[in-house]
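# Coordinate inspection notes
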Amino acid sequence: MPSYLVTGASRGLGFEFLRQLSAVPGAVVIGLARDKAATEKKVSAEIGRPNVHVVHGELTDYESLKKAAEDTAKITGGSLDYLIANGGIVSRYSAFKTLYDLADDPKALEEDLLTSYKINTIGQIHLFNLFLPLIKKGEAKKIVALSSGHADYDLIRDFGIVIAGPYTLSKTALNFAIAKYHGEFKNEGILFMSISPGVVETSGHNDPEGLSERELENLGKVGQQFANYAPHFKGAITPEESVRLMLDIINRATVENGYGGTFVSQFGNKQWL
Ligand SMILES: NC(=O)c1ccc[n+]([C@@H]2O[C@H](COP(=O)([O-])OP(=O)(O)OC[C@H]3O[C@@H](n4cnc5c(N)ncnc54)[C@H](OP(=O)(O)O)[C@@H]3O)[C@@H](O)[C@H]2O)c1
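In this report, the structure presented in the accompanying data block is examined. Keep in mind that this is a model prediction, so the values were computed, not measured.

Counting secondary structure elements, the chain contains eight helices and seven strands. Here the C-alpha radius of gyration of the chain, 18 Å, is about what a compact globule of 273 residues would show, namely 19 Å. By principal-axis analysis of the C-alpha atoms, the chain measures approximately 55 × 40 × 35 Å. Residues counted as buried form 50% of the 273 residues belonging to the chain. Considering only residue pairs separated by 6 or more positions, the chain has 76% of its internal contacts joining residues 24 or more positions apart.

Here it is in structure tokens:
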């Protein structure tokens, strides 16, 4: 009876994780969401399986995550097999701007950096610390964080991907946190890894609506850079495909077969598109 906790369960990839994982025979699937009632309603309308539960949690609020871990323990009986740390933000303010584009308003830049770190890095570290006692009692012992190809140093350097600095930095820090946890917990057989979902059609990404001329120019350049990096790339994939690919890797990955502490794509390697 594998148990899963998926954050960011209200929509996008998180909701798709709930849908696919709840089809696993005997699975207990728990979604963490800021709006518990709305997510429960969506789950019952669009998934309709009794093995999906929803707990409340806000990644910037330590106490709410602590309560979410307690609520999870009540559902599972005190253990957890998989923590899928999917919830996060790509700041709309900086998603299509370079760090130098953001120089005009240093206060707003600082705010944007801090918000990105609070949710994508610090919130995740609290989440890992609070759920580790449950994971230690689980069978699978896997903690997987959703990162982004934006946080791949070589991709940025070699192909000149210069937008979304605050998002990139916060996900890079998350990847390094994963490496630190791996170093500490590998001998207990606990897998920590980061995975990028690819470019996926969700509400959080790639909507050019309302962008300035400069942002559209930056977006156009990224399109060209992606084409240079991966000539086969045809555009964003569906949440269904992305989650299916990631689950294949997550199911196979273990500390012993070398995935511990790694940062890989939806293909399980460093091919980001
Ligand atoms: N889609 C892509 O192309 C892509 C590419 C690379 C990486 N990723 C990563 O994949 C993950 C999922 O992305 P997505 O595209 O599915 O994003 P999304 O559609 O924007 O959904 C984000 C989820 O995170 C939750 N969330 C945001 N801030 C939160 C907070 N402070 N506390 C608790 N929950 C919070 C949202 O909840 P609310 O509904 O309450 O806002 C929502 O459920 C993210 O970590 C993202 O960075 C996505």
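Below, the discussion takes up helix H2 (residues 36-46). Where H2 begins, one side-chain oxygen reaches toward the backbone nitrogen of Ala 37, 3.5 Å away; that side chain belongs to Asp 35. Phi turns positive one or two residues past the end of H2, at Gly 48, with a value near 65 degrees.

Next up on the list: the nonpolar core. Counting 33 residues, the largest nonpolar core has Phe 17, Leu 18, Leu 21, Met 193, Met 246 and Ile 250 as the members making the most contacts within it. Elements that contribute at least two residues to this core include exactly strand E1 (3-7), helix H1 (12-21), strand E2 (28-33), strand E3 (52-56), strand E4 (82-85), strand E5 (142-146), strand E6 (191-195) and helix H8 (239-252). Excluding its chain neighbours within four sequence positions, the residues that come into contact with Leu 21 are Tyr 4, Val 6, Ala 27, Val 29, Ile 84 and Leu 247. In this structure, Ala 69, Ala 85, Phe 128 and Ile 143 belong to the second largest nonpolar core, which totals 29 residues.

Moving on, we come to the site of the ligand. What surrounds the ligand is a group of 28 residues, the closest being Ser 10, Arg 34, Glu 58, Tyr 167 and Thr 202. In the environment of the ligand, an oxygen atom lies 2.8 Å from a nitrogen or oxygen atom belonging to the side chain of Lys 171. Across the complex, the protein chains shield 92% of the 900 Å² of accessible surface that the ligand would expose by itself. Taken together, the elements giving at least two residues each to the shell around the ligand come down to H1 and helix H6 (165-185). Its residues placed into classes, the shell around the ligand shows ten nonpolar, 14 polar and four charged.

It is worth spelling out unusual backbone geometry at this point. Positive phi values are uncommon outside glycine, yet Lys 141 reaches one of about 55 degrees. Note that Lys 141 resides in the loop between helix H4 (106-136) and E5. Phi angles above zero are rare outside glycine, and Ala 164 is one such case at about 60 degrees. Structurally, the position occupied by Ala 164 is in the loop between helix H5 (153-159) and H6.

If you walk through the whole model with that rule in mind, you get 13 salt bridges. When the shortest N-O distance is used, the salt bridge between Asp 101 and Arg 214 registers 2.9 Å. Remark: Arg 214 occurs in helix H7 (residues 213-229) and Asp 101 occurs in the loop between E4 and H4; sequence separation between them is 113 residues. The exposure class assigned to Asp 101 is partly exposed, which follows from its relative accessible area of 21%. Under the relative-accessibility criterion, Arg 214 is labelled partly exposed at 34%. A salt bridge links Lys 136 to Glu 188; the shortest N-O distance between them is 3.5 Å. Residue Lys 136 is found in helix H4, and its partner Glu 188 is found in the loop between H6 and E6; the two are separated by 52 residues along the sequence. Overall, the relative accessible area of 40% leaves Glu 188 in the partly exposed class. Through salt bridges that share partners, Asp 101, Arg 214, Glu 217 and Lys 221 make up one connected network.

This paragraph deals with the side chain of Thr 98. Inspection of the secondary structure puts Thr 98 in the loop between E4 and H4. Engagement of the side chain of Thr 98 in a polar contact is seen with the backbone nitrogen of Asp 101, the distance being 2.9 Å. Apart from the residues lying within four places of it in its own chain, the contact partners of Thr 98 are Val 162, Ile 163, Arg 214 and Asn 218.

Right, let's get into the sheet that holds E2. Strand order in the open sheet made by the seven strands is E3-E2-E1-E4-E5-E6-E7, with parallel pairing throughout. Each of the sheet's edge strands pairs with one partner strand only, and the pair in question is E3 and strand E7 (263-264). Contacts from H2 reach E2 and E3 within the one sheet, and its direction differs from that of E3 by about 165 degrees. This element, helix H3 (residues 62-76), spans E1, E2 and E3 of the sheet and lies at about 155 degrees to E3.

Definitions and cut-offs
- Residues numbered from 1 in each chain as written.
- Predicted model: local features only at pLDDT ≥ 70, side-chain atom pairs only at ≥ 80, totals over all residues.
- Heavy atoms only, no water.
- Helix = DSSP H or I, 4+ residues; strand = E, 2+ residues; numbered from the N terminus.
- Rg over C-alpha atoms; globule rule 2.2 N^0.38 Å.
- Buried < 20%, exposed > 50% of the residue type's maximum accessible area, 1.4 Å probe, protein only.
- Contact = heavy atoms within 4.5 Å.
- Polar contact = N/O pair within 3.5 Å; in protein donor to acceptor, adjacent residues only side chain to side chain.
- Core = buried A, V, L, I, M, F, W, Y, C linked by side-chain atoms within 4.5 Å.
- Near = heavy atom within 4 Å.
- Areas by Shrake-Rupley, 256 points an atom, 1.4 Å probe, with all protein chains shown as cover.
- Nonpolar A, V, L, I, M, F, W, Y, C, P; charged D, E, K, R; others polar.
- Salt bridge = Lys/Arg side-chain N within 4 Å of Asp/Glu carboxyl O.
- Pairing = 2+ DSSP bridges.
- Axes fitted to C-alpha atoms, helices over the stretch in contact; angles between N-to-C directions.

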